[in-house]
Amino acid sequence: MARSLVQELTDGGGRDLSATRLTEMEDEVYGLLDRLGGQMLQALLQHQAEEICEVEKCPGCGGPLEARPPQTKTLRLKRNEVCWRQPVLRCGRCRRDFFPSGEGARL
Ligand SMILES: [Zn+2]
């Protein structure tokens, strides 16, 4: 994994690093890791949102819920900002929207 990221930073090993300072390398490495971390978090949150959407019964009347378009929120994390698509479920009988909570929603 680290090797393929180094390939990414050095244009496949072809980049001349002789004039690059250590602090610049450090900035590039952590910049890349932050971008990757953001993408990974986003993928994990999406995965979690899909699991949350498997809740199918209304907590009020026990009736069926239908999925509504998710609400997009930006979450500010310690090192990153990620886009979180909050799942929204609607009960037709109660005419209420529910926001099933998961780890992401608790942030
Ligand atoms: Zn209901």
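The sections below set out a description of the structure shown in this document. Everything numeric here is computed off the predicted structure, so don't read it as measured data.

**Observations regarding the side chain of threonine 20**
- Along the chain, threonine 20 falls in the loop between α1 (2-9) and α2 (22-52).
- The contact partners of threonine 20, leaving out residues within four places of it in the chain, are Arg15 and Met25.

**Some words on the sheet that holds strand β3 (residues 96-98)**
- One open sheet holds the three strands; their spatial order is β1-β2-β3, and the pairing between them is antiparallel. Among the strands making up the open sheet, the edge pair consists of β1 (65-76) and β3. Taking the axes of each pair of neighbouring strands and ignoring which way they run, one obtains an average angle of 30 degrees across the sheet.
- Taken together, the three bridges between strand β2 (residues 81-91) and β3 define a ladder with antiparallel strand orientation. Paired with arginine 90 across the bridge in β3 is aspartate 97.

Calculation criteria
- Residues numbered from 1 in each chain as written.
- Predicted model: local features only at pLDDT ≥ 70, side-chain atom pairs only at ≥ 80, totals over all residues.
- Heavy atoms only, no water.
- Helix = DSSP H or I, 4+ residues; strand = E, 2+ residues; numbered from the N terminus.
- Contact = heavy atoms within 4.5 Å.
- Pairing = 2+ DSSP bridges.
- Axes fitted to C-alpha atoms, helices over the stretch in contact; angles between N-to-C directions.

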